[in-house]
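The residues making up each chain are set out below.
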Amino acid sequence: MTGQTGIIGNSRNIELIKALANGKSFGNAFLFLGKKGSGRHLLASHLMASLLCEKSNHCGECRACRLAQKGIHPDIILLTPGENRKNVSVEDVREFVKEAFMKTVEGKKKFLVINDVDKLNVQSQNALLLVLEEPPEQTVFVLFAENKNRVLQTVLSRSTVINTDIIPIKDIEEYLIEKGTEPKKALYAARLSEGSVGKALELCEGERDESQISEALRSFALKSPFLAYEKFFSLSLSSRDDIMGLAKGILGAARDLLVYKATGKIEKTEFFSDEALIIKASSVLSEEGLIKLITVADETVSFAEQNCNVGALSANLFIKGWECFNG
Ligand SMILES: [Zn+2]
């Protein structure tokens, strides 16, 4: 499934890259469009290695392939902010695109890579456009973006857009198990990954699993707010991602419990795989409270997406969650 490129899913895109590498003509700009963790960078590395390879099609063994895979090929250049700056400025872009006219160092092609082209302002994108309109033959731009609407139409129209796929849960789960993740955790991470392998890997690194989500849920059912508080905050909640993961887990679990309460069937649940956990949680959590909890968890996810303060987020989730069952 993953082969030597390390890419999961994206079979359509791999075919496309193969066709491009074998063909005589391809454009001078590629835009990899997709969320972080959707395999955009692996695909781009595969494309660059395919076009630089000294043998054929990203053999993975020649010098060019090895350097391209590690991202240290001298003909692959990344746009970075100028000295003492956090963000890329229009001057940085103007300076960077001059590279397009320099000779290649050792490859047949030169690649100019820009991460987050959707975060560049209009002025900067226009500076890029000047070169995209009449690019030197040996130069290929490799652009990345999450949000297509923030890329100038004129930049889009000069790029070959490669959409990275949302990867099916099953494929992510299999991939994680292949990498040695314990099956239960792999399923948990795959379900919360929203089709992103990067996110799934992060979730695997975290301590969270379905028994902890169940613990958090059951803390809401405790009558004593002090005991509930102690139990809830025994989970580590030190980053926005921690809280986001927990809120998404609570959301999935609460939906499952409602389904279980309505049907009495475990096989209809999507989040929980452990029967004992479902029965245990279901016995202490009321249907009415679970319905309220779904709104609370949903709200927490959108607050977390808006960069709210970590302490405020976790306190809010705890208080409102507890009130759902003790209001
Ligand atoms: Zn090669």
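Counting of residues starts from 1 at the beginning of each chain's written sequence and follows it residue by residue. Residue-level local features of this predicted model are given only where pLDDT is at least 70; pairs of side-chain atoms are given and counted only at 80 or more, and the full residue set underlies all totals for whole chains, interfaces and linings.

1. Section: the overall build of the chain
Next, step 1: Secondary structure elements are defined from DSSP: runs of H or I of at least 4 residues count as helices, runs of E of at least 2 residues count as strands, and each element is numbered from the N terminus. In terms of helices and strands, the chain carries 15 helices and 5 strands.
Next, step 2: Its C-alpha atoms give the chain principal-axis dimensions of about 70 × 40 × 30 Å.
Next, step 3: Counting all 327 residues of the chain, 40% fall into the buried class. Residues are called buried when their C-beta atom has 20 or more other C-beta atoms within 10 Å, exposed when it has 12 or fewer, and partly exposed otherwise; all C-beta atoms are positioned from the backbone.

2. Thoughts on the packing of helix 12 (residues 240-263) against helix 13 (residues 275-284)
Next, step 1: For helices, the axis comes from a line fit to the C-alpha atoms of the stretch in contact; other axes are also lines fit to C-alpha atoms, and the angle between any two N-to-C directions lies between 0 and 180 degrees. Between helix 12 and helix 13, the least distance of the axes is 10 Å, while the angle of their chain directions is 80°. Classified by the angle their axes make, helix 12 and helix 13 are roughly perpendicular. Where helix 12 approaches helix 13, its residues D256, L257, Y260 and K261 are matched on the opposing element by I278, A281 and S282.
Next, step 2: The nonpolar class holds Ala, Val, Leu, Ile, Met, Phe, Trp, Tyr, Cys and Pro. Asp, Glu, Lys and Arg form the charged class, and all remaining residues, Gly among them, are polar. Partitioned by chemical class, the residues of the contact of helix 12 with helix 13 number 4 nonpolar, 1 polar and 2 charged. Throughout, the term roughly parallel applies to angles under 35 degrees, roughly antiparallel to angles over 145, roughly perpendicular to angles from 65 to 115, and oblique to all others. A residue pair is marked as a contact if its C-beta atoms, positioned from the backbone, fall within 7 Å.

3. Side note on the environment of A297
Next, step 1: Tracing the backbone shows A297 in helix 14 (residues 287-305).
Next, step 2: Among the residues examined, A297 registers 24 C-beta atoms within 10 Å and is labelled buried.
Next, step 3: Between the C-alpha atom of A297 and that of V105, which follows or precedes it by 192 residues, the distance is 53 Å.
Next, step 4: Setting aside its immediate chain neighbours within four residues, A297 contacts A247, I250, L251 and A254.

4. A closer look at the pairing of strand 1 (residues 29-33)
Next, step 1: Across the 5 residues of strand 1, 5 count as buried, placing the element largely inside the fold.
Next, step 2: The alternating pattern of strand 1 places A29, L31 and L33 and F30 and F32 on opposite faces, both of which are buried.
Next, step 3: Whether two strands pair depends on DSSP finding at least two bridges between them. Bridging between strand 1 and strand 4 (residues 139-145) involves 5 bridges; their strand directions are parallel. Among the inter-strand pairings, L31 is bridged to a residue of strand 4, identified as L143.

5. Some words on the pairing of strand 4
Next, step 1: For strand 4, the tally of buried residues reaches 7 of 7 residues, placing the bulk of the element in the interior.
Next, step 2: Side chains T139, F141, L143 and A145 of strand 4 all project onto a buried face; the interleaved residues V140, V142 and F144 project onto the opposite face, where all are buried too.
Next, step 3: Here the term right-handed applies to a crossover when the path leading from its first strand over the helix to its second strand runs clockwise, the strands being oriented away from the viewer. Of the crossover connections in this fold, the one passing from strand 3 (residues 110-114) over helix 5 (residues 122-133) to the parallel strand 4 is right-handed.

6. Quick word on the domain arrangement of the chain
Next, step 1: Boundaries of every domain are those given by an automatic assignment or by a domain database. Examined at the domain level, the chain breaks down into domain 1 (3-163) and domain 2 (206-326).
Next, step 2: Of note, the centres of domain 1 and domain 2, computed from C-alpha atoms alone, are 42 Å apart.

7. Describing helix 10 (residues 210-220)
Next, step 1: Three or more residues of helix 10 are buried, namely E210, I213, S214, A216, L217, S219 and F220.
Next, step 2: For helix 10, the secondary structure elements touched by its buried residues are helix 8 (183-192), helix 11 (225-232), helix 12, helix 13 and helix 15 (310-326).

8. Let's talk about the sheet that holds strand 2 (residues 76-78)
Next, step 1: Pairing is parallel in the open sheet, where 5 strands are placed in the order 2-3-4-1-5. The open sheet has two edge strands with one neighbour each: strand 2 and strand 5 (160-163). Neighbour-to-neighbour, the strand axes of this sheet turn through a mean angle of 20°, independent of strand direction.

9. Quick look at the nonpolar core
Next, step 1: Residues F30, F32, M48, L143 and A189 are the most contacted members of the largest nonpolar core, which totals 58 residues.
Next, step 2: Setting aside residues up to four positions removed in sequence, A189 forms contacts with L176, A200, L203 and C204.
Next, step 3: Note on definitions: a nonpolar core is a set of buried residues drawn from Ala, Val, Leu, Ile, Met, Phe, Trp, Tyr and Cys, linked by C-beta atoms within 7 Å. Judged by nonpolar contacts, the second largest core, of 31 residues, contains F220, I243, I250 and V296.

10. Description of the packing of helix 10 against helix 11
Next, step 1: Running from amino to carboxyl end, helix 10 crosses helix 11 at an angle of 165°, the nearest separation of the two axes being 8 Å. Considered as vectors, helix 10 and helix 11 are oriented roughly antiparallel to each other. Helix 11 is crossed by helix 10, and the crossing has left-handed handedness. Here E215, A216, S219 and F220 of helix 10 come into contact with helix 11, specifically with A228, K231 and F232.
Next, step 2: Residue classes in the contact of helix 10 with helix 11 are distributed as 4 nonpolar, 1 polar and 2 charged. A crossing counts as left-handed when the near helix is turned anticlockwise from the far one by less than a right angle, and as right-handed when that turn is clockwise.

11. Description of unusual backbone geometry
Next, step 1: Located in the positive-phi region is N84, a residue other than glycine, with phi close to 60°.
Next, step 2: For N84, the position within the fold is in the loop between strand 2 and helix 4 (90-97).
Next, step 3: One non-glycine residue, D116, lies in the positive phi region at around 50°.
Next, step 4: Structurally, D116 can be placed in the loop between strand 3 and helix 5.

12. Section: helix 2 (residues 40-52)
Next, step 1: Relative to the 18 Å expected for 13 residues at 1.5 Å per residue, helix 2 spans 18 Å between its end C-alpha atoms, a close match to the ideal helical length.
Next, step 2: With 12 of its 13 residues buried, helix 2 lies for the most part within the structure.
Next, step 3: Those residues of helix 2 not exposed but buried are R40, L42, L43, A44, S45, H46, L47, M48, A49, S50, L51 and L52. To estimate how far a helix should reach, multiply one less than its number of residues by 1.5 Å.

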